[in-house]
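Analysis of the macromolecular model
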Amino acid sequence: MTEVANTTRSLAGEGTAETTPSERVERQLKLERDYVRVLYSRLDDLREEKSAELAKVRRTDTGGNHQSRSERDAFATHYEDRLAQLNSVDNRLVFGRLDTTGEDGEHTRYIGRIGLATEDHQRLMVDWRAREAAAFYQATGRHPMGVRRRHLILDGREVSAIEDDVLDPEMLDDDGVLQGEGALLAALNSKRTGRMTDIVSTIQAEQDRIIRAPLPGVHVVQGGPGTGKTAVALHRAAYLLYEHRERLRKSGVLIVGPSSSFLWYIDRVLPSLGETGVVMSSLADLYPGVHGVPERDREVVRIKADLHMAEVVRQAVRDRQKVPAQDQVLHADSYEVVLPRKLVRRARDKARATGKPHNEARGTFVKIVLRDLAESLGEDLNKRSGNVMDRSYLVEDLRQSPEVRKAINLCWLPLSPETLVRQLFAKRRYLDSAFRDYSARERALLERPADAPLTVSDVPLLDEAAELLGDLEGAGVRITTTEAERAKATENAEKALYNMHQSLEDVGVDGVVTAADLTAFNEEAEHRMTAVEAAHADRTWAYGHVVVDEAQELTPMQWRVLMRRCPMKSFTVVGDIAQGGSASAAKSWSAALGPFVKDRFELDELTVNYRTPAAIADAAVAVARAAGLEISAPKAVRDGEAPLVTGLPQSAGDESLTQAVVDQTEAEVDAVEGGLVAVIAAEHRIGALGSALSERLPGKVGAGMRRIDNQVVVLSPWDAKGLEFDSVVLVQPAEIVDDDDGVGSLYVAMTRPTQRLRVIGSGELPEGLSPSS
């Protein structure tokens, strides 16, 4: 332990009967401030050191040696990652101190976002994820674990307050022990910023147990609104990356959330915990290159959610492996050849028997068809000429024939997943064949134009199609494209060489240089993707661990996609069955996970509501239970004030409703004094409410935005999932029940606020809500 730490420890109990409480506080504050300055000084030194090393690497002249350039880039990436980590932990670098007494004496450890040590490797601060830091989170009054825990509250880089958790009543008489309002309550009462912040300084024992659970297997975290499910999931991801660094460094961790607004809300948490190498994706973006738009028809969502869709897609692929209605006469140069139906059927059956994906099996199909056609044509030519000759050239002649190529493509065309899915719903013959087990009404619901946007519900179908089709490269499509691009690049290189012989020395190239050399040189200079970028772009990437938030909303087909992404079935699944709002939301965790892991999952439940005041939480539970939902009600740590419900007359039109919402929102902006206000309404009202609020509160409103970086935001219950605000103005709750996804969405909306809830509706309100007196 460092000299500063020893000084802090030795002075902690120096209080005397003569010292006043304020003097003891000042003494302790000075000690902690001195030590925190040492920590920040070391952080700054490390930043300068890594910046200098990075600059040195970037200046390195590697000449024309590709291996040297690769090594340089690897070092640069290493220093860039380390700098990103050091830059992201500046805010609240250190937040705790742990004093322990053992057989070998007293020990003091400072707990922070990352581990820090002096140049001669003396420890300055322990990473919060290290095993030595576990007692900071796990010690309780019932199980004090022989420790004294101190919270350091920082304002910028300065310690502004100290608070000791009294785990042992005998410590109350210790002059070194300081008390305050409670670090957890202080954090809960702070204003929201529009971004999620970490809870690393206030993790509670039940949360820490889940965060530090073993890596293997499926861990389900069930918790009601405000229990910190998302925070626990993110801190668990950071912990696993720390504890299993070598195992997860290359495979990575995937975090899946319900929407892009949710991902934007949480994306600063992991960097603040010292981790930057995590892939985050919404359900709409699970298939690379496609962002699915919302699926508006609940019945269509239900159909596409079912696991039977895997068989539907399989049939859609088989439907593209065709046998012509009759034998065909084809012309190749001066030859005439018959393509028999039985030959196509035999080639198709043999290609299918390989078990390869459609695009790869196509090679077998083409080979058999061309070989048999060539043999038949050769026999015919030999018979006509009366001579037996080697006619192996006929295979290539037939391959080059436009008529033959067209006939083969019509029987077995290379396909991309996007083409297959678009045509499946656009061409009635494919739709009727693949959905033969569905009613005519259901097939009519699914039909749409080929150029219609792909939806969130289509994403699992694309992934399934990609598995069954394989890469287009397997059908020769991508290879041809690549060769053409290389030929063009070589042509450009030849022109460049003509004009730049004298400039070759500038790039470190000596000797005789060909156009191919220069082409290769430029190819090596292309951007090298990081592991995160590579994983995000590769549909087949196998992750070491997957975190799924709001998991109760996932459809069986979406679970099928995620299980494919993590073959080892290492998952952290967080959600609340009661908050399920989609048409296919799970009724139990066994129902959701059973088809994939049976009963092989661990279930933990969070029991404390840290976000929602008790009065608001009780009202939300009452509404949900009145509608027949089985709701577990976590114990709230704060009382708060009851929701204010404004009931407008049945005859109140949209104009009156909008005016009431605008007036109430303006009042909430004043009430929360710089905090965040959310106006949550059914999707069809967002545009009009956003416009009206923007006129009254210019510069403060974001309507329907994916980024909640305004003081006032207007959004739907779905986009509000997982988010929190100081105040919520809930508009027309009956419409949310009818137009969105039922009472589950209303329950979600009612549990978003940390301070105040205001409900405005006209006509009949859902049971459990009545106008406030």
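Position numbers for residues start from 1 in each chain and track the written sequence from start to end. Local features in a predicted model are, by the rule used here, given only for residues with pLDDT of at least 70; side-chain atom pairs are given and counted only at 80 or more, and totals for whole chains, interfaces and linings are based on all residues. To get the side-chain values, take all heavy atoms of the structure and skip hydrogens and water.

Concerning the overall build of the protein chain
What counts is decided by this rule: Numbering of helices and strands runs from the N terminus, with a helix taken as a DSSP run of H or I at least four residues long and a strand as a DSSP run of E at least two residues long. For the exposure calls, accessible area comes from a 1.4 Å probe over protein chains only, and a residue counts as buried if that area is under 20% of its type's maximum, exposed if over 50%, partly exposed in between. What makes two residues a contact is simply this: any of their non-hydrogen atoms within 4.5 Å. Reported accessibility uses the Shrake-Rupley method at a 1.4 Å probe radius. Residues are deemed covered only where the shown protein chains occlude them.
Looking only at helices and strands, the protein chain features 31 helices and 22 strands. Buried positions account for 51% of the 773 residues belonging to the protein chain. Of all intrachain contacts in the protein chain linking residues separated by at least 6 positions in sequence, the fraction that spans at least 24 positions is 73%. Carbon and sulfur atoms form 49% of the exposed surface of the protein chain, whose accessible area is close to 35,700 Å².

A few points about the UniProt feature "binding site: ATP" (unreviewed entry) in the protein chain
Under the convention used in this document: UniProt positions are given in the numbering used here, feature names are shortened, and annotations may be inferred rather than shown by experiment.
When the UniProt feature table is mapped onto this chain, "binding site: ATP" (unreviewed entry) is found at Gly223, Gly224, Pro225, Gly226, Thr227, Gly228, Lys229 and Thr230. On the secondary structure map, glycine 223 appears in strand β7 (residues 218-223). By relative accessible area, glycine 223 is classed as buried at 0%. Setting aside residues no more than four positions away along its own chain, glycine 223 makes contact with Lys229, Gly575, Asp576, Gln579 and Leu606. Looking at the secondary structure, you find glycine 226 in the loop between β7 and α7 (229-243). Apart from residues no more than four positions distant in its own chain, glycine 226 is found in contact with Val608, Asn609, Tyr610 and Arg611.

Regarding the pattern of salt bridges
The cut-off we apply is this: Throughout this description, the term salt bridge denotes a Lys or Arg side-chain nitrogen within 4 Å of a carboxyl oxygen of Asp or Glu.
This structure, assessed with the given rule, holds 47 salt bridges. One salt bridge connects aspartate 127 with arginine 129, and the closest N-O pair in it is separated by 3.0 Å. Owing to a relative accessible area of 6%, aspartate 127 belongs among the buried residues under this scheme. Between glutamate 299 and arginine 302 there is a salt bridge, with the nearest N and O atoms lying 2.5 Å from each other. Residue glutamate 299 and its partner arginine 302 are both found in helix α11 (residues 298-305); the two are separated by three residues, about one turn of the helix. Residue class for glutamate 299 comes out partly exposed when judged on its relative accessible area of 22%.

Details of the packing of helix α27 (residues 654-672) against helix α28 (residues 686-696)
Cut-off, in case you're wondering: Axis lines are fitted through C-alpha atoms, for helices just across the contact stretch, and the angle between N-to-C directions can take any value from 0 to 180 degrees. We call two directions roughly parallel when the angle between them is under 35 degrees, roughly antiparallel when it is over 145, roughly perpendicular when it lies between 65 and 115, and oblique otherwise. Helix crossings fall into two classes, left-handed where the near helix is turned counterclockwise from the far one by less than a right angle and right-handed where it is turned clockwise. Only Asp, Glu, Lys and Arg are considered charged, only Ala, Val, Leu, Ile, Met, Phe, Trp, Tyr, Cys and Pro nonpolar, and every remaining residue, Gly among them, polar.
At a closest axis distance of 10 Å, the pairing of α27 and α28 adopts a crossing angle of 50°. One finds that α27 runs oblique with respect to α28. As for the relative orientation of α27 and α28, their crossing is right-handed in sense. Taken together, the residues of α28 that come into contact with α27 (itself represented by Thr658, Gln659, Val661, Val662, Asp663, Thr665 and Glu666) are Leu689, Ala692, Leu693 and Arg696. Of the residues assigned to the contact of α27 with α28, the class counts are five nonpolar, three polar and three charged.

Some words on the pairing of strand β21 (residues 725-731)
Remember that side chains alternate between the two faces of the sheet whenever the strand is regular. Let me state the cut-off plainly: Pairs of strands are assigned from DSSP output, requiring at least two bridges between the strands.
The element β21 is extensively covered by neighbouring structure, given that seven of its seven residues are classed as buried. Note: β21 against strand β22 (residues 753-762), six bridges, orientation parallel. Looking across to β22, one finds that phenylalanine 725 is bridged to proline 753.

Some details on the side chain of serine 570
Relative to the helices and strands, serine 570 is located in the loop between α24 (556-565) and β13 (571-575). With a relative accessible area of 3%, serine 570 lands in the buried category. Ignoring anything within four residues of it in the chain, the contact list for serine 570 reads Leu215, Pro216, Gly217, Gly544, His545 and Val546.

Some thoughts on the pairing of strand β8 (residues 253-257)
The buried fraction of β8 is high, at five of five residues. Both faces of β8 are covered, namely the face carrying Val253, Ile255 and Gly257 and the face carrying Leu254 and Val256. Across five bridges, β8 lies against strand β9 (residues 278-282) in parallel orientation. Residue pairing for β9: valine 253 is matched across the bridge by valine 278.

What about the packing of helix α13 (residues 341-353) against helix α14 (residues 358-385)?
One can describe the packing of α13 onto α14 by two numbers: an axis separation of 8 Å at closest approach and a directional angle of 145°. When you trace α13 past α14, the crossing you get is right-handed. Residues Leu343, Val344, Arg346, Ala347, Arg348, Lys350 and Ala351 of α13 lie in contact with α14, whose contacting residues are Ala361, Thr364, Phe365, Ile368, Val369, Asp372 and Leu373. Taken together, the residues of the contact of α13 with α14 break down into nine nonpolar, one polar and four charged.

Side note on the nonpolar core
Under the convention used in this document: Buried Ala, Val, Leu, Ile, Met, Phe, Trp, Tyr and Cys residues form a nonpolar core when they are joined through side-chain atoms within 4.5 Å.
Counting residues in each nonpolar core, the largest one holds 64 residues, and the members touching the most others are Trp128, Leu730 and Met750. When residues of this core are assigned to their parent elements, the largest contribution, eight residues, is made by α7.

Considerations on the environment of alanine 678
Looking at where alanine 678 falls in the secondary structure, it is placed in strand β18 (residues 677-680). Sequence separation between alanine 678 and serine 727 is 49 residues; the distance between their C-alpha atoms is 6.4 Å. Not counting chain neighbours up to four residues away, the residues in contact with alanine 678 comprise Val713, Leu715, Phe725, Ser727, Val728 and Val729.

A look at the confidence of the model for the protein chain
Definition in use: pLDDT is defined as a per-residue confidence score from the predictor, taking values between 0 and 100.
Here the protein chain averages 80 in pLDDT, and 79% of its residues register 70 or above. In the predicted structure, residues 168-189 sits below a pLDDT of 50 and forms 44 contacts with residues beyond four places in sequence or in another chain.

Some details on the packing of aromatic side chains
Rules: Whether two aromatic rings pair depends on their centres lying within 6.5 Å, for rings of Phe, Tyr and Trp, where Trp uses its six-membered ring; planes under 30 degrees apart make the pair stacked, over 60 edge-to-face, and the rest tilted. Geometrically, a charge over a ring is one whose NZ (Lys) or CZ (Arg) sits within 6 Å of the ring centre while staying within 35 degrees of the ring normal.
Applying the stated criterion across every chain yields a total of five aromatic pairs. Between the aromatic rings of tyrosine 35 and tyrosine 110, the centroid separation amounts to 4.0 Å while the plane-to-plane angle is 15°, which identifies the pairing as stacked. With tyrosine 35 in helix α2 (residues 21-59) and tyrosine 110 in strand β2 (residues 105-112), this residue pair connects regions lying 75 residues apart in the sequence. Looking at tyrosine 110, the relative accessible area reads 1%, which means it is buried. Among the aromatic residues, those joined into a ring-pair cluster are Phe425, Phe435 and Tyr438. Sitting over the ring of phenylalanine 425, lysine 304 keeps its end group 4.5 Å from the ring centre. A cation over an aromatic ring shows up here: arginine 429 above the ring of tyrosine 430, its NZ or CZ 4.7 Å from the ring centre.

A short note on the environment of arginine 209
Along the chain, arginine 209 turns up in helix α6 (residues 205-211). Relative accessible area serves as the criterion here: at 48%, arginine 209 is assigned to the partly exposed category. Along the primary structure arginine 209 and arginine 236 are separated by 27 residues, whereas in three dimensions their C-alpha atoms are 9.9 Å apart.

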